[in-house]
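Structural description and commentary
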Protein chains: 2
Amino acid sequence: MTDRVYNFGAGPAMLPEPVMRKIQEEWLNYRGMGVSIIEISHRADAFIEVLEEAKALFRELTDLPDNYRILFMHGGARMVFSALPLNLAGRCATRKCLYAETGNFAKVAAQEAQKFCQVKTVISSAAGGYDHIPELPLELIDQDAAYLHITGNNTIFGTRWNTFPETGKVPLIADMTSELLSRRIDYRRFGAVYAGLQKNLGPSGMAMVIIRDDLLGFADAVTPTLLDFTQADKDNSLTNTTNTFAVYVIKLVLEWLQEQGGVAAMEEINEAKAARLYQVIDDGDFYRGIARKDHRSIMNVSFLLNGDGLTAKFLQQAEDRGLYALKGYRSVGGVRASIYNPMPMVGVEKLATFMEEFAARHG
Amino acid sequence: MTDRVYNFGAGPAMLPEPVMRKIQEEWLNYRGMGVSIIEISHRADAFIEVLEEAKALFRELTDLPDNYRILFMHGGARMVFSALPLNLAGRCATRKCLYAETGNFAKVAAQEAQKFCQVKTVISSAAGGYDHIPELPLELIDQDAAYLHITGNNTIFGTRWNTFPETGKVPLIADMTSELLSRRIDYRRFGAVYAGLQKNLGPSGMAMVIIRDDLLGFADAVTPTLLDFTQADKDNSLTNTTNTFAVYVIKLVLEWLQEQGGVAAMEEINEAKAARLYQVIDDGDFYRGIARKDHRSIMNVSFLLNGDGLTAKFLQQAEDRGLYALKGYRSVGGVRASIYNPMPMVGVEKLATFMEEFAARHG
């Protein structure tokens, strides 16, 4: 489709075109029902089927162990920032919760948790502008804590945890908003994994929470009902009217992912997409990557231009070629290319070629 | 469009067909941008414009006084059930909040509030099966309470407050989920009005909160950030990534409402729609309305069939004519026709005619 552009925004991000076309096709008449999927009850058979298929597909694609539950929660990852301590701090008399500060949202998650529990920040890369993931040895992980929270991929700075820390008996909780389903993960390493949908999975306004079942049942009495994981699990995420549109889109995105060959195939494509951009960045002095090489994200490629005042020109010329939303986060500046699952290699190749040409002209 | 059916479900409910067609048309290419409106940042100019237009349209359509703020909150009315005491109980040292129990959701709202404040139920129609709205004289309204909560329209039983109680200096808060924008309201009578969107306004998963500005600033310290009205107001409802799809649909629905002549014109149509159904119910003994006549809703018309075992047949034959989702709520049984703003008179007329014919055949 010639009039669609490549959108490198950090989210809400582009969705797979086949998914968008499918939504459009069945918009007025879902499966011959004469209504849209968003115009029927969340308790109607046709919607429950969508919800169950989404869960089954996710389970299949991730090889998720049986003792993990899949929840759809309102409000995105930011709402889960509040829900985590409300649901889990009560596991330990200390109400101590550990946070690894590796970026902006990691910090915001800890700040929110301070309302509800005893937060201890175990590592921080703030001093280095969050350009890497510090070492986190087991001895830094207090074994009387309710959980350790990490941010798997740091959207703004373009860093990620390549391997995950050993935590002893403390459950590891990961915010994977900007990388869920982008690489293979052994879920058994985690107590819970969660993600806002608006990057790899669907529209904005909802989060998926994957949680080991022994972590349910500890919610504080003052937990708002819709933030209570145990209640959500009991009600199959239908304690109230869920965001039916979002669940429907997730299901379509998961089907699309399956057609692409699943998570392993997608990871390979994502590695190739990222490698292509990092190759241009590393080839010469014109561009400078923000993240340290050994902690580079394959979802968000953040870099600066060495030439003074060239960034605005870069962004404008990129737009002229249909390469959109490349502006870096305000606190970092420069350029950020978010290349989530739905971004095809051809879009990345277009960007890489443009980067090479721009460097040749101005370098 | 011949293959669309009439969906009388209580919500998520049908949306205006012109709105649904507009969404479909611009789905892959919003205003020539080459992406969908759900694929761009919530901070992009094109989205902010949608958000601001939605607010401006709502203000214009409701003649909303300047000292009321418009907020978009995640999670629907049920999330607001938690947010209300968290935001408002702190206004009074007593932390006393008054609730009028006129139906199922009115009761659920009070139950949720008990987690966060001192709930006092001032009236209840539970004993009569919630078939009416009890009198609520000023002397029942403790003047040291933080607010009085009512449910404007009770979806399940089909009752509504025709006039609103005098509350002295206690702010009146109304859940108007199933009737917002269906009738003219003098907002100056209220401290706050809120509604889940999935009935008159848009898709599920979000609520609008209209709140008088002097009620901001009292949130408890333990309020989850995304439930904090003051924070939402400060951030123009963009503390995190909002449900951009929902805001977009609301804007289109408000434009459609304006084209219909606004709230007064819509109220007139709604009165006529409801009157047509109640006329059939009252004409003979075959049907029996659930709500007392003087408290009848114009949004949800709930009734029983007097003939034993005829309800299932009624529902089946209705479906055969394209009249869907008429089954009454499980605790009440019978039939419920939800006739929100988007339900056209022609759909109601079809239902009324079917009811008359069914009664003639089986009466």
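Under an unreviewed UniProt entry, chain A has the name Phosphoserine aminotransferase and belongs to Pelovirga terrestris. According to the UniProt record, the Subcellular location (unreviewed entry) comment for chain A reads "Cytoplasm". What UniProt states about chain A under its Function (unreviewed entry) heading is, verbatim, "Catalyzes the reversible conversion of 3-phosphohydroxypyruvate to phosphoserine and of 3-hydroxy-2-oxo-4-phosphonooxybutanoate to phosphohydroxythreonine."

Turning next to the pattern of salt bridges. Applying the stated criterion across every chain, the model contains 45 salt bridges over all chains. Here Glu356(A) and Arg276(A) are joined by a salt bridge, their closest N and O atoms 3.2 Å apart. Separated by 80 residues along the polypeptide, Glu356(A) in helix α9 (residues 345–362) and Arg276(A) in helix α7 (residues 262–282) bring together distant segments of the chain. When its relative accessible area of 14% is taken as the criterion, Arg276(A) is described as buried. For Glu17(B), the salt bridge goes to Arg21(B), with nearest N and O atoms at 3.3 Å.

Residues and elements named next belong to chain A. Along its sequence, chain A is organised into domain 1 (19–259) and domain 2 (262–362). Inter-centroid distance (C-alpha atoms) of domain 1 to domain 2 is 27 Å. For the pair domain 1 and domain 2, the summed buried surface comes to about 2,300 Å²; carbon and sulfur atoms form 54% of the total. Linking domain 1 with domain 2 are two salt bridges. Between Asp131 and Arg292 there is a salt bridge whose closest N-O contact spans 3.8 Å. The tally of links from domain 1 across to domain 2 stands at 15 residue pairs in polar contact (both at pLDDT 80 or more). Those elements giving two or more residues to the side of domain 1 that touches domain 2 turn out to be β6 (153–154), β7 (159–160) and α6 (244–259). If you tally residues by element for the side of domain 1 that touches domain 2, the top one is α6, at three residues.

Let's shift gears to the pairing of strand β2 (residues 68–74) of chain B. Residues and elements named next belong to chain B. By the criterion of burial, β2 is predominantly enclosed, with six of the seven residues buried. Where β2 and strand β10 (residues 206–212) come together, seven bridges link them in antiparallel fashion. Bridged to Phe72 within β10 is Met208.

Our focus in this paragraph is the relation of the copies chain A and chain B. One copy of the chain maps onto the second through a rotation about an axis and a displacement along it. Between chain A and chain B, which share one sequence, the superposing operator has a rotation angle of 180° and an axial displacement of 0.0 Å; the RMSD is 0.0 Å. What the rotation and shift describe, once combined, is the action of a two-fold rotation axis. It is Gln24(A) whose C-alpha, among those of chain A, lies nearest the rotation axis, at 2.8 Å. Comparing contact sets, 100% of the residues at the interface of chain A also lie at the interface in chain B, consistent with an isologous, same-surface contact.

The next point concerns the UniProt feature "binding site: L-glutamate" (unreviewed entry) in chain A. All names here are of chain A. If you check UniProt for "binding site: L-glutamate" (unreviewed entry), the listed places come out as Arg43 in our numbering. Following the sequence through the fold, Arg43 ends up in the loop between α1 (17–25) and α2 (45–62). If near-sequence neighbours (up to four positions away) are discounted, Arg43 is found in contact with Ile48, Leu238 and Thr239.

Residues and elements named next belong to chain B. Along the chain, the position of Ile156 falls in the loop between β6 (153–154) and β7 (159–160). In the structure, Ile156 is positioned 50 residues away from Met206 in sequence and 20 Å away in space, judged by C-alpha atoms. Excluding anything up to four places from it in sequence, Ile156 contacts Asn104, Phe105, Ser302, Tyr329, Ser331, Val332 and Arg336.

Turning our eyes to something else, we now look at the sheet that holds strand β12 (residues 300–305) of chain A. All names here are of chain A. Pairing is antiparallel in the open sheet, where three strands are placed in the order β11-β12-β14. Two strands bound the open sheet, and with one partner strand each, they are β11 (287–289) and β14 (335–338). Strand-to-strand twist across the sheet, computed as the mean angle between neighbouring axes with direction ignored, equals 30°. Judged from the three bridges that link them, β11 and β12 form a sheet pairing that is antiparallel. What sits directly across from Tyr287, in β12, is Leu305. Along the sheet face, α7 touches β11, β12 and β14 and points at about 15° away from the line of β12. Packed on one face of the sheet, α9 meets β11, β12 and β14 and runs near 130° to β11.

So, how was this worked out
Residues numbered from 1 in each chain as written. Chains lettered and ligands numbered in written order. Predicted model: local features only at pLDDT ≥ 70, side-chain atom pairs only at ≥ 80, totals over all residues. Heavy atoms only, no water. UniProt positions renumbered as here; feature names shortened; annotations may be inferred. Salt bridge = Lys/Arg side-chain N within 4 Å of Asp/Glu carboxyl O. Helix = DSSP H or I, 4+ residues; strand = E, 2+ residues; numbered from the N terminus. Buried < 20%, exposed > 50% of the residue type's maximum accessible area, 1.4 Å probe, protein only. Domains from an automatic or database assignment. Buried area = accessible area lost by both parts, 1.4 Å probe. Polar contact = N/O pair within 3.5 Å; in protein donor to acceptor, adjacent residues only side chain to side chain. Pairing = 2+ DSSP bridges. Least-squares fit on C-alpha atoms with pLDDT ≥ 70 in both. Contact = heavy atoms within 4.5 Å. Axes fitted to C-alpha atoms, helices over the stretch in contact; angles between N-to-C directions.

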